[in-house]
Amino acid sequence: EEQLVESGGGLVQRGGSLRLSCAGSGFSFSGYAMSWVRQAPGKGLEWISGINVRGNTYYADSGKGRFTISRDNSKNTLYLQINSLRAEDTAVYYCGRDRGADVDTGMVYSWGQGTQVTVSS
Amino acid sequence: QSALTQPASVSGSPGQSITISCTGTSSDVGAFNLVSWYQHHPGKAPKVMIYEVSKWPSGVSNRFSGSKSGNTASLTISGLQAEDEADYYCCSYAGSHTYVFGTGTKVTVL
């Protein structure tokens, strides 16, 4: 069974950093593009960043500068480094598998359960 | 990269049909037939219901159907059931290897 499990969230002070992880299993992790999507309290889903099978990275305007997506195919793991955390970064962060090898299908095929990030002042 | 516009809420009685709209621009929804729809129950992982405007992933009921006209995509739920009560989001490819989600619609089964 395909599974994505996020970890690394928690309570962090404003200005701090955090690295989220997403472990994939049950599918050929290296063969698919991956994305990070977040949901702030009371808000909708927001696509932040994606990475294709070749390691090319892509960001929404909101994710440029402070967010870094990466992957380690030997560990079947996706990462999201967030620096200079702000109150508005408080959200549940989901990782997702794309339908194809690149971030160009418009579809997040499968999702993890999410990890909560809370930024305190 | 502005969020696609969806109605905040839609409701219907069991057995009825409802339609959720998703309005974007000629740079996203209007430019590509790469619109997907997600069902999201709070606290759970979102689930894809429709992809490439009108295609069904394996295991998804055909009570859910999608369409697109110009810059607006739509999701129709036929034969509404209590279990369909959830938040629904559209998503579109927006070019340059980026995606944009809709603002979300809360579906209530009366």
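For the structure itself, look to the data block above.
A few points on the structure. The structure displayed is predicted, hence computed values, not measured ones.

Digging into the interface of chain B and chain A
Part 1: If you look at the interface, chain B gives 23 residues, while chain A gives 26 residues.
Part 2: Counting the surface lost from both chain B and chain A, the interface buries some 2,000 Å², and carbon and sulfur atoms represent 58% of this.
Part 3: In terms of surface lost to chain A, no three residues of chain B exceed His 97, Tyr 99 and Phe 101 of chain B, which account for 35% of the buried area on that side.
Part 4: Counting across the chain B and chain A interface gives one salt bridge.
Part 5: Taking the shortest distance from any N to any O, the salt bridge between Arg 99 of chain A and Glu 52 of chain B comes out at 2.9 Å.
Part 6: At the boundary of chain B with chain A, the tally comes to 12 residue pairs in polar contact (both at pLDDT 80 or more).
Part 7: Residue assignment for the side of chain B that touches chain A shows that the elements contributing at least two residues are β3 (35–40), β7 (86–93) and β8 (99–101) of chain B.

Side note on the sheet that holds strand β1 (residues 3–7) of chain A
Residues and elements named next belong to chain A.
Part 1: With antiparallel pairing, four strands are arranged side by side in an open sheet as β1-β3-β8-β7. Two strands lie at the open edges of the sheet, namely β1 and β7 (67–72), each paired on one side alone. Taking each pair of neighbouring strands and ignoring which way they run, the sheet shows an average axis angle of 15 degrees.
Part 2: Note: strand β3 (residues 18–25) against strand β8 (residues 77–82), six bridges, orientation antiparallel. Within the sheet, the bridge partner assigned to Leu 18 lies in β8 and is Ile 82.

Reading the values: rules and limits
- Sequence order as written defines residue numbering, which begins from 1 separately in each chain.
- Chain letters start at A and ligand numbers start at 1, both assigned in the order the entries are written.
- With the structure being a predicted model, the display of local features is reserved for residues of pLDDT at least 70 and the display and counting of side-chain atom pairs for 80 or more, all residues being used for whole-chain, interface and lining totals.
- To obtain the side-chain values, all non-hydrogen atoms of the structure were used and water was disregarded.
- Two residues form a contact once any of their heavy atoms are found within 4.5 Å.
- Defined in terms of a 1.4 Å probe, buried area is the accessible area two parts forfeit on being brought together, summed over both.
- Between Lys or Arg on one side and Asp or Glu on the other, a salt bridge is scored when a side-chain nitrogen of the former is within 4 Å of a carboxyl oxygen of the latter.
- The term polar contact refers here to a pair of N or O atoms within 3.5 Å; inside protein, the definition further demands a hydrogen-donor-capable atom paired with an acceptor-capable atom, and it admits residues adjacent in sequence only when both atoms are side-chain atoms.
- Numbering goes from the N terminus for both helices and strands, where a helix is a DSSP run of H or I of at least four residues and a strand is a run of E of at least two.
- Two strands qualify as a pair provided that DSSP identifies no fewer than 2 bridges between them.
- To get an axis, a line is fitted to the C-alpha atoms, and for a helix only the part in contact is used. The angle between two axes follows their N-to-C directions and goes from 0 to 180 degrees.

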